[in-house]
Each structure stands twice: as structure tokens, then as C-alpha cells.
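Breakdown of the fold
For reference, the chains in residue letters:
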Amino acid sequence: MSIFSLCLLLCAVLLDLAAGYLTVTIEPLPPVVVGETVTLKCNFKTDGRLREIVWYRVTDGGTIKQKIFTYDAMFNTNYSHMEDYRKREDLVYQTTVRLPEVRISDNGPYECHVGIYDRATREKVVLASGNVFLTVMSPPNNISVVAENTPAPFSRYQAQNFTLICTAKGGKPAPSVYFKRDGELIEVISYTQPSAGDQGGGSAWFRGARPLISRDLDETKLQRSLSLLDPESRSAHLYTERPQRVRTQGLRASEPSPATEVIPETVVSREFPRWVHSTDPLYYFSHTQIPQSDGSVVVQARLTWTLNPQLDNDALFSCEVKHPALSMPMQTEVTLAAPKGPKLYMTPSRAKVGDTVRITVQGFQNEVFPEPLFTWTRVGGRLLDGSTERDGKELILERVPAELNGSMYRCTAQNPLGSTDTHTRLIVFENPSMMKNTQSQNSGASHMNAAGGLTWMALVLTVTVELT
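Conventions we followed
- Residues numbered from 1 in each chain as written.
- Predicted model: local features only at pLDDT ≥ 70, side-chain atom pairs only at ≥ 80, totals over all residues.
- Heavy atoms only, no water.
- Helix = DSSP H or I, 4+ residues; strand = E, 2+ residues; numbered from the N terminus.
- Areas by Shrake-Rupley, 256 points an atom, 1.4 Å probe, with all protein chains shown as cover.
- Salt bridge = Lys/Arg side-chain N within 4 Å of Asp/Glu carboxyl O.
- Disulfide = S-S within 2.5 Å.
- Buried < 20%, exposed > 50% of the residue type's maximum accessible area, 1.4 Å probe, protein only.
- Polar contact = N/O pair within 3.5 Å; in protein donor to acceptor, adjacent residues only side chain to side chain.
- Contact = heavy atoms within 4.5 Å.
- Pairing = 2+ DSSP bridges.
- Axes fitted to C-alpha atoms, helices over the stretch in contact; angles between N-to-C directions.
- Core = buried A, V, L, I, M, F, W, Y, C linked by side-chain atoms within 4.5 Å.

So, about the overall build of the protein. Across its full length, the protein carries four helices and 30 strands. Put simply, the protein shows about 26900 Å² of open surface, and 53% of that area lies on carbon and sulfur atoms.

Below, the discussion takes up the pattern of salt bridges. Working definition: two side chains of opposite charge can pair if their charged atoms are close together. Taken as a whole, this structure holds eight salt bridges when the rule is applied. Across the pair Glu 111 and Lys 65 runs a salt bridge whose closest N-O atoms are separated by 3.0 Å. One end of the pair, Glu 111, is in strand S9 (residues 108–117); the other, Lys 65, is in strand S5 (residues 64–72), and 46 residues separate them in sequence. For Asp 385, the salt bridge is made with Arg 390, and the minimal N-O distance between the two is 2.1 Å.

Once that is clear, we can look at the state of the cysteines. Here a disulfide denotes one covalent bond, and it connects the sulfur atoms of two cysteines. Across all of its chains, the model carries two disulfides by this definition. With its sulfur 2.1 Å from that of its partner, Cys 42 forms a disulfide with Cys 112. Its torsion about the S-S bond being -90°, the disulfide of Cys 42 and Cys 112 is classed as left-handed. Of the two residues, Cys 42 sits in strand S3 (residues 38–46) while Cys 112 sits in strand S9, which places them 70 residues apart along the sequence. The pair Cys 42 / Cys 112 is uniform in exposure class, with both members buried. With its sulfur 1.9 Å from that of its partner, Cys 166 forms a disulfide with Cys 319. Handedness here is read from the sign of the S-S torsion; for Cys 166 and Cys 319, about -75°, the answer is left-handed. With Cys 166 in strand S13 (residues 161–171) and Cys 319 in strand S20 (residues 316–322), the pair connects residues that are 153 residues apart, well separated along the chain.

Accessibility expressed as a relative area gives 15% for Glu 111, which makes it buried. At 3.0 Å, the side chain of Glu 111 forms a polar contact with the side chain of Lys 65. In this structure, Glu 111 is in contact with Val 54, Trp 55, Tyr 56, Val 58, Lys 65, Gly 130 and Asn 131, ignoring residues within four places of it in sequence.

Taken in spatial order, the three strands line up as S22-S24-S27 in an open sheet, and their pairing is antiparallel. Of all strands in the sheet, those bounded by a partner on one side alone are strand S22 (343–347) and strand S27 (394–397). The sheet shows a mean angle of 20° between the axes of neighbouring strands, taken without regard to direction. Note: S22 against strand S24 (residues 357–363), five bridges, orientation antiparallel. The partner of Thr 347 across the bridge, within S24, is Arg 358.

Turning our eyes to something else, we now look at the environment of Cys 411. Here Cys 411 lies in strand S28 (residues 408–415). Placed 21 residues apart in sequence, Cys 411 and Arg 390 show a C-alpha to C-alpha distance of 9.6 Å. Residues in contact with Cys 411, not counting those within four places in the same chain, are Leu 344, Val 361, Phe 374, Thr 375, Trp 376, Thr 420, Asp 421 and Thr 422.

Right, let's talk about the pairing of strand S12 (residues 142–147) for a bit. The alternating pattern of S12 places Ile 143, Val 145 and Ala 147 on a buried face, while none of Asn 142, Ser 144 and Val 146, on the opposite face, is buried. Relative to S13, S12 runs antiparallel, the two sharing six bridges. Looking at S13, one finds that Val 145 is bridged to Cys 166.

In this section: the sheet that holds strand S19 (residues 297–306). Strand order across the open sheet formed by five strands is S12-S13-S19-S18-S16, with mixed pairing between neighbours. Looking at the sheet topology across the chains shown, the edges are occupied by S12 and strand S16 (189–190). For strand S18 (residues 284–291) and S19, the ladder comprises eight bridges, and the chain directions are antiparallel. Pairing of Phe 285 across the sheet is with Leu 303, part of S19.

Moving on to the nonpolar core. Ranked by internal contacts, the top residues of the largest apolar core, which has 28 residues, are Leu 164, Val 177, Phe 179, Leu 303, Trp 305, Phe 317 and Leu 336. Breaking this core down by element, the ones donating at least two residues are S12, S13, strand S14 (176–181), S19 and S20. Looking at this core element by element, the count peaks at five residues for S19. When residues no more than four places from it in sequence are discounted, the contact partners of Phe 317 are Leu 164, Lys 180, Arg 181, Ile 186, Tyr 283, Leu 303, Trp 305, Thr 332, Glu 333, Val 334 and Leu 336. Within the second largest apolar cluster, 24 residues are counted, among which are Ile 26, Val 97, Val 132 and Leu 134.

On to the environment of Gly 392, then. The topology assignment puts Gly 392 in the loop between strand S26 (390–391) and S27. Residue classification places Gly 392 among the buried residues on the basis of a relative accessible area of 1%.

Take Thr 39: it is sitting in strand S3. Overall, Thr 39 belongs to the partly exposed group, its relative accessible area being 39%. Sequence separation between Thr 39 and Leu 29 is ten residues; the distance between their C-alpha atoms is 8.7 Å. The residues contacting Thr 39, other than those within four sequence positions of it, are Leu 29, Thr 96, Val 97 and Arg 98.

Geometric values such as these leave the question of function open.
Rendered as C-alpha cells:
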């Protein structure tokens, strides 16, 4: 090696020593839950003189870097780059930033940039950076269970599909959802919901059958079911038609009316159809995930089976949601029940001829799920508007005539589990104001008739006198 080469090598070593070294590392962060406090710590090693430390939040896949905090070593000052109303960063120690009460929007990568003065020039700044990903979890803030396609009628002659939909909102990442019946986990057949063009394929889209749980049956129910089995004891299949959805009107809570005569209810849900089977049903399960703009996910889980009114009445179904941000599952539950004895209320309490009468469903003797369908009919005739029946929680009779006195109205409340009828009698009283108007009109007509008679008699006498 020549002397010239040795000199060049020595110069390079001296330059490296003059430039110094700088390394930056950031400790990885475990997932955190919304509302917790997070500490971002930037570690660096150098033999140079510190110039500044800057924290960035990286967005849009790394294309945008938003400066959130700066420490200026020259003036020993620090400041936030966020607006005053969003200023949530605190400098703990030069390289460490604390984010109190993190939000879902804080989820994402962060970078720490460290700058030192170049020892050779004293003006040039040498930079190095490190990055860390902050994972923010959010537990579901709302879960609910509803019945699909309700209100719906009860059918004694044909099997019906029944679907429960459990919706979990606000979770990040997406939670896991499952159903229980009477406190026992339901083993299900998972399937993929078909598109509109695939629904004509029958049951080909069901897949992955697994054994079902057994459920203790009441002896009376079991014997009644066995007696109604088909000779071949065929297993139940999902019914493919869905009942038509009907909207109902709001109800008004009031006290019972003295003008209504409550007739004992007639319960028709005791008549069990031939398609009722004692075997456990097949439960079909599917779920969908709907991403939200805030980073959370809405999960909808569907449980579908062929409804058995004899065995499913009073069955308790619960939807449970598991999430890594929860110490224990969230749960909501519903009890399937057929309607019994709707309470009817009539206004006004003493209906008079010409009044507008409202007959309203005030409530039930029991909790009813799913939502009932209400149908009004008049026993032995048509309704006041000429229709044979009317749907809704309220029946309105406008300007009732005296001929409706004593007429009886039937309210049929039904859901897929059963049906019940409740009757009420309309009592219509005389209207004094209308009677006065009628009497005054009759009196005026009498006076006019009397005056006309006197005038005619005077005319006859005049003609008679002239002739004589």
C-alpha cells in the first residue's frame, strides 16, 4: 500500500470520527383500548450534539406525514403542531410523547426523527428516524337482536322460516358473534348468503353440517308432537317463502274504558299443525362485516331455522359478542312468545252519536316477541269505511252512527308463534246537541206548515165572500 493510499484511508477515518454516529429505535407498542393513555418513546444514541426531535403521524399509506410535536434542543423548547382544541400531546422527556385518551382515529404508524449537528461542518444536520405502529382497539358499544320480516302472521298449515338478526356496532377489530338457546351454545351450519341470482338454487348454498345440541323437552309437548308426526317421520326443511311485512301505527297508553265490554279471548295458537316435529331443528348461521368510516366494523349475524311454535314458544335466545377489548362477553337476549290477551282501550270513554271513536291496543298480559301483527274486523259485518279488515294497533271509526250501537269488534294479534283474538263491544249513547238541532228543525217546519195553512184558509174565505 502506498503512502498516498494510507493518507486517504486516514482521512476517511478522521472524517467518520468527525461526523459521529446516530441510531434511532422505538419500543414496540401493545394494542391499546380507546380511552387509555399511550406513551411513545424514541430512543437514540449519538456522540454528536442534538439539534431537534420531531414526531410525525403517518397517514394515507405513508404518503402524508403530519408533524405533531417538536423538541428544539438549541432553545430547549417544545411545542405541538396541532390546533389548540385538539392539543392532546404532552412532552414527558425530550424524546417521549404521551397521548391521553386515545381515539380510534389515532390508530396508525408514527415516526420519530432525530437530528444532530455534523461534527465536521457544525452547520449540516445529520438525520435518522424510527417508526412504530399504534393499534387502537374499540369494544362494541351497542348490540341488539331483532326478528327479520316482522310483523308477520301465524300459519297453522305451513312451515315458516324464522330468522334472528344480531347486530354489534362500534367494534374494532370486528368482534365474534354467536347465539345461545336457553343458556346453551347453539351448534350451527355455517353458510354464505347467496346473491340475488343464486337464490334459485334451493338449499345448495347450505354447507358444513355439524351435529346439533339436544334440548330437554316437556313430556306433554313431546307426546303431542309425536302424535302429529308424519308416518315417514321426515325431518324439517327450511320454508322458502317470507311473509309480507306490514307496518303498524303507534299506540296510546290509557286507562280501560267503561264503554267497552271485554269478551273472553279466543286463543287459536293451541291448534298445532301437522308439520310440527319433535326433532331438534337445523340452525343455519351467517354473518357479514360492514366497515365504517371511523375504522370500526358493524357485524350482523343471522340465525335461521324452521320455526316450531310448540317447542319454540317461551324459548330464550341470547346473542353474545366477544372482543379482545372486553374482559367478558357482551350479551343481549330475547324470549320468543306468542301474544296473549291484548288489552284494548276505547276513546272517548262515553261515545256519542257523531263522535270519532278510537280503539287502541294498550298492551299485553305478557311480553311478546317478535312484534305482533294486529288485524281489526267487525263481527257479522263490514267496518265503517266498508272494508272487511284493517291492520295496525289502532282502529278509527269516524262519526259513528247510532246504528253501530252494540256492534262487536275483533282484534286479532298474531306473530309466527301463535294468534289470539280479543273482542270489545261498542256502546253508542245519544247526542243531546244533535237531538236539539233535530228538534229545532222539526219545530221550524211545524211553524211553517201552520202559517201556510192559515194563509190558505184566508184565501178560501175571501173567494167565498166574493162569490156570494
